[in-house]
Each structure stands twice: as C-alpha cells, then as structure tokens.
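# Coordinate analysis (summary)
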Amino acid sequence: MERAKISAYQLLVLIFLFEIGTAILVPLAIEAKQDAWLAVLIGLVGGCCLFWIYHSLYSYYPDIPLTEYMQRILGSVLGKVLAFFYVLYFMYITARVLRDFGEMLIIAFYPETPLFAMNVLMVLVVVYTIRKGIEVIARTGELLFIIMMLIGISTIVLIIISGIIETSNLEPLLEKGLKPVIKTVFTQTLFFPFGEVIVFAMILPYLNQASKAMKAGLLGLGLSGLVIALIMAMNISVLGVNLISRSHFPFLSTIQTIEFAGFLQRLDIIFMLSTVIAGFFKISLYFYASLIGTANLFNIKNSAQLAYPLGLILLILSITIASNFSEHVYEGLQIVPLYVHLPFQVIIPGLLLIIAFFKNRKEQRKRNS
Amino acid sequence: MSRKSISLYLIIASISFLSGCWSQKELNELAIISATSIDKNEEGQYVKTIQLINPSNVAGGLQGGGGGQSPAVTVYSVTGDSVLEAHFNASSKISRKLYHAHANLIVFSEEVAQEDGIEDVLDAFERDPEIRPTARVVIAHNTKAGDLLKSLTAVDKIPAEKVNGTLEFTEQYRGTNLEVTLQDVIKTLTSEGKEPVISGFSIKGDIEQGKKMDNILKSEQDTTLETDGLAIFKEGKLIDWYQEDMAKGVIWILDKIKQTDVELDRDGKKNAIVYNVIRQKTEVSADTKHDMPTITINVRAEGDIREVRTSINLKDPKVILELEKELEEKIKKLLEDTVMRTQQNKTDIFGFGEEVHRSNPEKWKKLKSDWNDNYFSNLNVEVKVEAFVRRSGLRTNSYFSEMKDK
Amino acid sequence: MFSFLKWKKKKKNSDNQQEKSPIQSTDKLSNNIETSLTLNLEVIKQRTGNSTDFVIRPVNLGQHPKVKTTIVYIKGLVDNQTVNDFLIEAMITNPTLQEQITQQEVVDMIVKDVVAVGGIKKLSDWDELFTELMSGNTIIFIEGISVALSVSTQGGERRSIQESTTNVSIRGSKEAFTESIGTNIAMVRRIINTPDLWIESMKIGKMTKTDVSIMYINGIARNEIIEEVRKRLKKIDIDGVLESGFIEQLIEDQTNTTFPTIHHTDRPDGVAGNLLEGRIAIFVNGTPFVLIVPALFIDFFQSPEDYYERFDISSAIRLLRTIIFFISLIGPAVYIAATTFQQEMIPTKLAIIIANQRESVPFPAFIEALIMEITFEILREAGIRMPKAIGSTISIVGALVIGQAAIQAGIVSPVMVIVVSMTAIASFATPSYAVAISARLVRFIFMFSAATFGFYGMILVFIILVVHLSSLRSFGVPYMTPLAPFIREEAEDTIVRRPLWGYKKRPKMISGRNKVKQGENQKPNPPQPRTMTNSANEKGD
C-alpha cells in the first residue's frame, strides 16, 4: 500500500470515468432492442447492490484491499490462491479493454497501423501514470472529468440542434415484455459495465473518509448509469436499432450523423477524444488494481517497480487474447460475463461477505463476553 | 534510471518514425472526391465514376490563377466486378490516393436501382469508415449516373455541390424533393414497415456539350442538372417515379414539407389564388382495433396568401374561412391521390407499417410478413386537414377589385 | 517590534554561520578590530587590495584635545550628501571636548552628540565591519578604541520607481518594484498597513551576500509553508545570487518540469494581493522581481487587474486566456493532425483551399510547420536581445521575408503562416511569460506527436501533460488546486471569476488559521425606492 489518500469526490469521479470507459464504445445491451437504455438502468440498480456487497466487505476491513482481506477471511493459503486468481482476472480484463480501444482506433481511424503500435503507446501512457500513484490518477481524473463534461454537453447540444433525433425510434416500449430486458441485464449490463466496480474494492482503502464511501460510490455509479443510458437512448433514436446492432461503435455513427451550420460535420474527433480519455481511466484503474494486487500478494514494497514488467505482460496479452475482432467481441459478450464476471463479481464476493459476517460476529461476541 | 529513460525515449522515437508511412497522408497528395456514382455496363460489371476536385481551379487565391480556364472537377470511370474492385482499379488511372471523406454525393443509376436493387451496392459504402454516412443519395433519371457527374455547372463550380444545393432548396421551398442520406436509405431499407424514397436528378440538354468548359461560359447553359421526380422503391428496387404534385404528396405525408405553394381556382379562373404554406405539421396515427388497421393523417398547415388574380375581399374573415375550407379540400385531395397511387404500387413508403408496429406490436407481428402486398394496399387511410390563412402580404385586396369597380 | 527583534537575532545567527566558513578565515590575522588606527587602516587596505573606490578620510574631532578619527566608505554606495553634511561636517565643527575624556565616552559622544544620522551601530569584528561597508554604510574608526562605528549612509545612484514594463497595467497602481530591496519592501508596507506584515531577512551567497527577505502576513500565511520556505532558503549554499531566478531554481519542488512552480511579479499590488491570500513573498536585492510561493498553475493565468475590473468582464477575459493558452499549446499540432491524418474533419471548402495552397509546397506539413515555428522563435529571440532601434528592422525583415517571400516562393503555404502567427500572438497574450515559454516547449512535443499519430498521439500527450501537471506540487500544495483536488468555492475563481462580494474565504490549501476574507452580506443592494430620502425623487413625475 502506498501512502496516499483520495477524497470522496475523487472516488466519485474515478468511478464515473471508469464506468463509462468501454460502455459508450460498444452497442451495449442491444439485445434488448429499443429498450437498451432500460436494460442499462436496471443493470445500474443491480450494480448498486453489488457495490453494497463490496462496501460491506470494505467496512469490515477498511484499511486493506480486496486481495488482502481475502486472505484474512479464508486463511492464508486459500486466500492467496484466490487473490492470485483475482490478479489474473484484473489483468485479463485490462488486456481486453486495451484491445477494445486498439481495435476501435484501427477500425475507425488508422486502418493501416498495426495493433501493436496503437497499444504500446497507450501502455506507455498508462505506465507513466501508474508510477505516479493513485493520488495523481485521482487528480488527473478530476481535471479530465471537467473536459469530459464539456465534451458531453456540447455533443448533446449539437445532436439536438442538428435535428437528427427521432424519438419514435424508441417506441414501442417493452415490445416483447420485460423478459428480454431482464435477460439482457443478467447476461450483460449487470456485469458489464456496472459489476466491474469491483476494481474499487482495491482502491477504497485509500479513501480519506470511510463514511462517505457508500454515498460517493452510489453517486458515481448512478451518474455513469444515467449517462450511459442517455447515450444509448440517443444512439437508438438517431440510428435505429437495426443499424446499431450491425455496428461496432454506434456512438461514432451517431456523431458522424451530426451536421450543423454546414461546417460542423464529421466530428469523429470528439468521439476519439472522449473514448480515449474514458478508456485511459478504465485501463489505468484495472491495471492499478492488478498492480497493487500483485505487490500485495508477493509483498513488494514499492509497487511502482512492477509497472514496467506488468505493462509488458499487458501489452502481449492484449494482442494475443484473440486472433480477430469478431472472436474478441464474441468472447466479450458471450463468454466473459457468465463464466468470468459472474463468479468474480458476484459469487466470490458474496461468499466472502457471508463468511466475514459470521467471523466478525463471533469475534464481537468473544469481545463482549 | 537515466539509462532506462533513455531507452524508453528511444523506443518511443523509433515507433514514431516507423509510423511515418502508416496512416499518414498529406492533404495535397489526396485526390479529394466530391461525388461517386455506380452504373452497370453491358457485361454486367459495375462502372464506378468518381468526380475529383481540382483544388487549384476551385480556390482562387494568390497562386491559383482564378480558375475559369480549366474545369473544377475531373471525372474518371472505372469498371470492376464489385464496387471495391472498381475502386481499386481506379488507381491505375489516378496518381493520388482516392479520398472519400469529403464525398457528399452518391448517384445510383436507374438501371442498377431497377434491376439489381440498391441494396446490392450499398454495403461497400456503409462499411468504409472514410465514407460519410450523411452523403446525399440521388438516382439518375433518364440518364446514366456517370453522365450526371460529368456535366459542368456554373454557379457552384463543383457539380456535386450544385446537386446537393438544389436538393436542399427544392426540399425547403417547393417540397417536391427530399434530401436523403446514405444512412437514411439503409435505415429505411432495413426497417420493417417502411420503404425508401430517393430524389431523382437528370440532365437537360446534350450530354457531350455539358462536359465542355464552353457550357459554363455562357449565360444560359446548354446543359443543366435538374431535380427530376421522386424514385419510389419496393424491397430495394425502383418501381415508380412520382413527379410534381404526387411527389409533393409523399413529402407532405412524411412531414418533411417546410414551404410550398397551393393553388386555388376562383371565379372560373384557374389557379387564381396562390397560398404559400409557411409552417405545417403532419401526424400519422394508426388505429388497430379492427382486423384491418386504419391510418389517420392529420395535417395542420399555416400560411399566407401570396398571389391573387381575381377580385376577392380578403378583408372579410368569412372569405378567409371559405378559402381555408377550399384549401383543406385541395390538400386533402392531393394527399389522398398520393396514397391511392402508392397503394396501387404496393409499397409502404410512408412508414404506416412502423406506425402500426409502434401502436400495437402484437398485431404487427401477424401483419408484417404480408404487409406491403396485402395489408398496406387495402388500408383505410383517412386524411384530416386543417389549413389556416394567417396573412396576405403587404396588401389587403388585390388591385383587381379596384379595376372591377371602375 | 517583535519582528524587528527577530530580524536582528536572525541576522546575528546568519553572520555567525558565515564566520565559520573557510573563505572568510583565510589570510586574516585576528577577527577583532585593533586599537591602533593605522593598524586598522592597514588591515582594510590589505583586505581590499587597496581598491581605489575606498575613500579613507582622516577627520579630527575637536581641537584641544583632539581625537584622531578616520572615516571609511565606498564611493558610489553612500549618499554623498549625508556623508558630507551630517557626518564629516558635524564631526569637524563639533564643540571642544572635555579635557579628561575616556575612550568609552568618546564613542558615546559621537553617537549621541555628533553624528546627525539615524542608524548607528557599534562594531567590534572585521566580518561585520566589511558587511556594513559593502552595503553602503560609513565606518568611523577612532584612535585608541577597538570599536568602530557604522553609520547608515546607504544611498548612491539607483533607478527610481518606474512603471512596470513586464506587467503593464491599464487600471491600478502603475508603480513597479526597483532593484533596491528596501524600497521594494517599503512599497508593499505602504499598501498593507498592519503590524502583522512580518519580514525576515537573511544574506544568501558566499560572495555576493545578497539581501533576501521573506514577507508574509502573520496568521494568514500557513506556518508549515513559512517553515518550509525558511528551511529551503537556509539550505542554499551558492557563491552568488544575481537575480531572484537563482533562488527560484534552488527552492522549487521539482526541477524536472517545464512549468513554473514559483510565481514572480514586479508589481507591489500583485504581491500585496498574494500576501492577503496567505502566500509568502521572497524579496531579493538587486532585482525588481519578487518571488511568490506557493504558486498554482491557475495563478499564471491571472493578473491583479482581474480583481479591479468587474467580474463579468474579468470572467470573459479569463476564458479568453484559457482559449489563448490552448491555441498556443496545440495550434500548429491541430493543423498538422488535421491535414495529415483526419482530413475529414476539415470543412470541404477549407480542405480544398488548403489543398490548393499546399499544391506547390515541397515539404510535409510537419516539416513546414517546424520550419515556420523555428523561424518564428529565431525572430522572437532576435527581437528581444536586439537594441530597440534594431527591433523594428527585424520585424520588417521578418514580416517581409518570412511572411511574403516564403509564400510567394511556394516554400510554405499561407494557411501555415496564419496558423503560426496565430500561435505566436497567442503565446504573447498569455499573462505570464513563464507559462508562455513552457507552453512553447510543449507545443513542439504536440507537433511531433501530431505528425506521427495524428489526434490519437495528441490526446495521449495531452493525457500525459495532465498527469504531469497533477503530479506537481508547489511547496506541498498540489499544483492544479483548486481544479484538482477540486475545491468548489475556489474553482469559481479560476477560468472565470465570481463577483468580489462572493469571496468569503481565503484559499483553503494555502492560507493559515485566519480564513475569513470578508464579512457577511457584502453584496451591494440598491436602497428601497420609498426609503430613499431624495427630495427630487419624492416629488414624483
């Protein structure tokens, strides 16, 4: 653990930037057709419940991260093995997110550039940032949050005044009932993006006011959920469900549709700016979690030392996890949520909480008697 | 530490220099395309025509020499078995990298649209990140699509701009054409219960003459590009052309009319009163209670009287009310005629199906498989029009009234 | 009063320290002043290498008995009038002495009855004596007494108070600091008339022995920061301090950055405003530039005048400055990225114009931009270093040769010239030269990244820039405060500004225990119409 403290507001901002990271990039929850935004909002509620689990664990062990209290709860051996798996999990998802952004840049902007070049640059920036520690990440978050907000507001204004929104695309509401929506929630939106907030189980111990953790977390989640739902609703009303389900990056298509005053057109750069910034935070925070997890597991004092070797592993992993983009997307939507996210985000933390609850009650009784 | 950072900088520097030849392209090494078109030749190959901008002939400026001596655009035609092959074949004729991102016009020939359907060629356009989804699509009427790009134009030096400008202003002031973007076409093609309509364009005059610089040196051009009707599609294939009033009716039902004119007969004089629609709102709603859905079209039009060629007392509110009634009838007839002809064509260009879908998804599931051919053509369509005359320009009564009194 | 005592104590401490330093103790016989006058004068001549600007003038005090004294001072450093009228004349025309006068009484008499000058001080050791002498005081040696007197006669030719040339003001005080530390401190004291304005002094530089003072308002400045400033200043061991820049570079938190973490100004009102926010000013003798710590990034975009104008106008100007900063940072880079990577974002007509202009240009956009930028930097550097008369020639040559001829020759495109000139003007419009010059350096990094990876490269460099800025601290205060860490009340005084009545508190991270800046209800309200006691109004229409 480095000696650093972040404020509740910084936590909120980090959660927000982290959550919208890849969620604004992909056609999220499009299995729910025009009710995708609703699936996002219901997923948000589920995400808040998950955050409650992580927060409860945090309130039992307010000074140590997930990978360490795991060892206290389950004992040293089992806890260490599990912690190792968590580090692998964080690392794998970091690589996935990195791949997402590399692919996006190549498909939309730099068709002739190899993936390696795109990713290596991002990894260098992330490593540079990580070495500065969580306080600097948090402060960077605050600054870029302002910029993201400005971009977001101006984009929405531009979309509205260029008159491309057709709200009729959002109808009929709940065409096939709630079932497909709920199904989408439990196969996708609950885990991605909202369940991914488990990363903050590693970062919560840095918070300077433990009492504000719940409020900041829920506000951050809520704000990001609203923004994601808004963007999805906007995508649907501009492009229609058919077009979104066929596109890799619907938000890009939405922005490309903007035409205003004859010269504000092809604002692809806005898309690039907002997604790269948000993606940078997602990669950084996941990477930071795997970094402190590793340092914690192997008792390395100066975790910044690990940044370069882990960065190299991340880079190689991001290129080798899938041989083509379709495979990457298929894994991301079909396999990862159920077989990776579900156990790591829901089942294990849930079990940990139950054990921690009984353990703490026993200790309390001992103390009382 | 210092050795580490030096090696890091070296890595970054080498990556940067390596990338020099990846996605970089100087602006003056690009062939900026202003418009493309797709035709088909006798062998069944695609003919892609590209209109390139000659920057030095468009921009005047210091060194350019004012243009005027040579045409603003250069046109190349290439053939290929697929759209993309034709695109790559173009490189044997052009010294620069073809750059699509500024192409704002895509022209399909009538042939391609009638025989293969436009869905055959659209995928290549949609997939390419360079091509604008907002590029306008038109159909070349009575001419080859390639020829449409070859004609030079006078005021707008780039023909593509002239086509787009014309489309924009006819939509705005006349309401007989529609600006349709690439994305719109694809959206309506894939949509259940709506079929595309695309504006037509044609060449008036000699095609060969239009390619020459002489054509734009005259005050009256021998060869001009003009909007020409509205192409009606069914399942991606062009099946009918609507002209003038019929086209206006389509656009009215699509709620895209911004301004247009409506003429009334009076005292036995044809078109004696001209009403200018300034503002209108058209709403389509579906009633799905019965087996056969009923569609209601509600029109609310506001406008001014802008031309009077008869003696009529415009000061009298009763007369205005009377005029409004007549206008309502006239507009209603226009829309009903349009709907009837479209029902005969059995293609739902108005999106009535989408409306049914929205209001009753359950019912739509049963109807959608046979919508165009069976249900749409037998729909009950009710048109309700409200027209308001708000003003009459700078004058009240026309001088016709005074002349009559004399 | 208290501060004065402290100052004296500090001074003694620092002198004692220097006593121990080896350079002082070389070729020195004894550190104490001798009783013999001739011997003393011998020592002075020997120590100074018989320098010709030393004036050694024997004066006899009284007639019968007469006491031999000698006055020593340095030409140019003293105020000639004071020395002649109030010292030498007073001593020569002094009434006769008593017959039996002890040596001690002679000293007392000179102090009390003879010398008509304010500051006078007894000295007994040479180091102190030389420090006094070098700072422009006059020394009186008295035959037979091992004590010398130092009379405060500082003066000589100095630049008078003039208008600031680096921070020109439109509204507000026109006076700027001079090279004299005493004058400078007095100028600030004239603005802040409170005994809580405390000053500590020290001498830094083994050779130059430059006067350095730190000034702060007791209670408003934070003790931790004051202590940190003291600590860092004490640590300095350098032979000379020629400008406040020497101090700045030796006490800043991090040297590995192009961004300044210490502010400097030559306007007394600027210093006063900063002191009131709890900052600490460091005065250095010999320069009109006063250092201010801690300095935040946003401070470099503000000018004291922002608070003199009304808030709406100031807000608009501050927004403009933010835009200016971004233009000067990424102007050419955006041009490069847009014309070599993301051409689709340029409006079609503009793209055609640029393509046409670049048709004959033989270089890639990056090289073209680099040529123009470097040419501009050369012109700028030449313009600053040249005498003013030649400066205008340079601008003519620059405008004609670079602007006109380069375009006509087709070496660069007109658009490029527009972009570079815009950037150049923008970099001059940034209020702080220190930030403008670092933006200029970073601009080249942006240009390079734009040339290799287009906007993606630029965004990554921008992220690194933000991370770097967030990681900086100025005397322990995070550099990007109040934007990161975000402090809401203070963030309203960054790229926009609140009405003045809204500033209730001092900056949280900077100021000490006294946080309240102004009373409640400072918002001006017009009087109620009916309660107004204006007879003209009561009559009604």
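Everything discussed here concerns the structure shown above.
Residues numbered from 1 in each chain as written. Chains lettered and ligands numbered in written order. Predicted model: local features only at pLDDT ≥ 70, side-chain atom pairs only at ≥ 80, totals over all residues. Heavy atoms only, no water.

## Side note on the overall build of chain A
Scanning chain A from terminus to terminus reveals 14 helices and 2 strands. Its C-alpha radius of gyration of 21 Å places chain A within 12% of the 21 Å reference for a compact globule of 369 residues. Projected onto the principal axes, the alpha-carbon positions of chain A cover approximately 75 × 45 × 35 Å. Within the span of chain A, comprising 369 residues, buried residues form 62% of the whole. The contacts of chain A with a sequence gap of at least 6 include a subset with a gap of at least 24, amounting to 83%. Just so you have it, chain A exposes about 13,800 Å², and 67% of that area is on carbon and sulfur atoms. Seen as two clouds, the 25 positive and the 20 negative side-chain charges of chain A have centres 14 Å apart. (Helix = DSSP H or I, 4+ residues; strand = E, 2+ residues; numbered from the N terminus. Rg over C-alpha atoms; globule rule 2.2 N^0.38 Å. Buried < 20%, exposed > 50% of the residue type's maximum accessible area, 1.4 Å probe, protein only. Contact = heavy atoms within 4.5 Å. Areas by Shrake-Rupley, 256 points an atom, 1.4 Å probe, with all protein chains shown as cover. Lys, Arg positive; Asp, Glu negative; His and termini not counted. Charge placed at Lys NZ, Arg CZ, Asp CG, Glu CD.)

## Quick notes on the overall build of chain B
Regarding its fold elements, chain B presents 16 helices and 13 strands. In terms of principal-axis extent, the alpha carbons of chain B reach across some 95 × 60 × 60 Å. The buried share of chain B, reckoned over its 406 residues, is 54%. Taking as baseline every contact in chain B between residues at least 6 positions apart, the subset at least 24 positions apart corresponds to 73%. Total accessible area on chain B stands at roughly 18,900 Å², and carbon and sulfur atoms take up 48% of it. The average position of the 55 basic charges and that of the 66 acidic charges among the side chains of chain B differ by 4 Å.

## Quick word on helix α12 (residues 268-297) of chain A
Residues and elements named next belong to chain A. Between the first and last C-alpha of α12 there are 43 Å, a value that for 30 residues agrees with the 44 Å anticipated at 1.5 Å per step. The element α12 is extensively covered by neighbouring structure, given that 29 of its 30 residues are classed as buried. Directly after α12, the chain includes N299, whose backbone phi takes a positive value near 55°. (Expected span 1.5 Å × (residues − 1).)

## A closer look at helix α13 (residues 365-385) of chain C
Helix length check: α13 of chain C, at 21 residues, gives a terminal C-alpha distance of 30 Å against a target of 30 Å (1.5 Å per residue), a fit within 8%. Considered for burial, the residues of α13 of chain C that qualify are A365, F366, E368, A369, M372, E373, T375, F376, E377 and R380 of chain C.

## Considerations on a negative patch on the surface
Residue and element names in this part refer to chain B. Together, E42, E43, E111 and E115 make up a negatively charged patch on the protein surface. Relative to the helices and strands, E42 resides in the loop between β1 (30-40) and β2 (46-53). Under the relative-accessibility criterion, E42 is labelled exposed at 71%. (Patch = residues over 30% accessible without salt bridge, like charges linked within 9 Å, V, L, I, M, F, W, Y side chains within 5 Å. Salt bridge = Lys/Arg side-chain N within 4 Å of Asp/Glu carboxyl O.)

## Side note on the packing of helix α11 (residues 311-340) of chain C against helix α15 (residues 414-429) of chain C
All names here are of chain C. With their axes 7 Å apart at the nearest point, α11 and α15 run at an angle of 160° to one another. On the basis of their axis angle, the class for α11 and α15 is roughly antiparallel. Crossing of α11 against α15: the hand is left-handed. Contacts from I324, I327, S328, G331, P332 and Y335 in α11 reach V415, M416, V419, M422, T423, A426, S427 and A429 in α15. (Axes fitted to C-alpha atoms, helices over the stretch in contact; angles between N-to-C directions. Parallel < 35°, antiparallel > 145°, perpendicular 65-115°, else oblique. Left-handed = near helix turned anticlockwise from the far one by under 90°.)

## A closer look at the interface of chain C and chain A
Of the residues lining the interface, 27 residues belong to chain C; the matching set on chain A comes to 33 residues. Here chain C and chain A share 1 salt bridge between them. Summed over the shared surface of chain C and chain A, the result is 8 residue pairs in polar contact (both at pLDDT 80 or more). When residues of the side of chain C that touches chain A are assigned to their parent elements, the largest contribution, 14 residues, is made by helix α16 (residues 433-471) of chain C. Grouping the constituent residues of the side of chain C that touches chain A by class yields 20 nonpolar, 5 polar and 2 charged. (Polar contact = N/O pair within 3.5 Å; in protein donor to acceptor, adjacent residues only side chain to side chain. Nonpolar A, V, L, I, M, F, W, Y, C, P; charged D, E, K, R; others polar.)

## Side note on the pairing of strand β6 (residues 136-140) of chain B
Residues and elements named next belong to chain B. Counting buried residues in β6 gives 5 out of 5 residues, a clear majority hidden from the surface. Two elements, strand β5 (residues 105-109) and β6, share 5 bridges in a ladder whose sense is parallel. For S109, the partnering residue across the bridge sits in β6 and is A140. In this sheet, strand β7 (residues 197-204) lies alongside β6 in parallel orientation, the contact comprising 2 bridges. Paired with I139 across the strands is G200, a residue of β7. (Pairing = 2+ DSSP bridges.)

## Quick notes on the side chain of E19 of chain A
All names here are of chain A. If you trace the backbone, E19 turns up in helix α1 (residues 8-23). No salt bridge is formed by the buried E19; the nearest opposite charge belongs to K282, separated by 5.8 Å. Look past the residues within four positions of E19 in its chain and what remains in contact with it is P193, F194, E196, V197, L221, S224, I228 and K282.

## Quick look at the sheet that holds strand β4 (residues 138-142) of chain C
All names here are of chain C. The strand order β1-β2-β4-β5-β3 describes an open sheet built from 5 strands, whose pairing is antiparallel. If you trace the sheet from one side to the other, it starts and ends with β1 (54-61) and β3 (120-123), each paired once. Adjacent strand axes in the sheet meet at a mean angle of 25° when their direction is disregarded. Of the strand pairs in this sheet, β3 and strand β5 (residues 148-151) are connected by 4 bridges, and their pairing is antiparallel. When the sheet's bridge partners are listed, K121 is paired in β5 with S150.

## Considerations on the environment of Q114 of chain B
Tracing the backbone shows Q114 of chain B in helix α4 (residues 110-115). When the C-alpha atoms of Q114 of chain B and A135 of chain B are compared, they prove to be 21 Å apart, with 21 residues separating the residues in sequence.

## Considering the interface of chain C and chain B
If you look at the interface, chain C gives 29 residues, while chain B gives 29 residues. Taken together, the two surfaces of chain C and chain B that pack against each other cover about 2,300 Å², and 58% of this comes from carbon and sulfur. It is Q343, I352 and N356 of chain C that lose the most area in chain C upon contact with chain B, and together they represent 25% of the buried surface on that side. Across the contact surface, chain C and chain B share 3 salt bridges. One salt bridge connects R96 of chain B with E359 of chain C, and the closest N-O pair in it is separated by 2.4 Å. (Buried area = accessible area lost by both parts, 1.4 Å probe.)

## Comments concerning the sheet that holds strand β9 (residues 280-284) of chain C
Within a sheet, neighbouring strands are paired by backbone hydrogen bonds and run either parallel or antiparallel to one another. Residues and elements named next belong to chain C. Read from one edge to the other, the open sheet built from 5 strands follows the order β6-β7-β9-β10-β8, with strand pairing classed as antiparallel. At either margin of the open sheet sits one strand with a lone partner, and together these are β6 (197-204) and β8 (263-265). For this sheet, the mean inter-axis angle between neighbouring strands, taken without regard to orientation, is 25°. Of the pairings in the sheet, the one linking β8 to strand β10 (residues 290-293) comprises 3 bridges and is antiparallel in character. Bridging across to β10, T265 finds its partner in V290.

Just distances and angles here, no functional claims.
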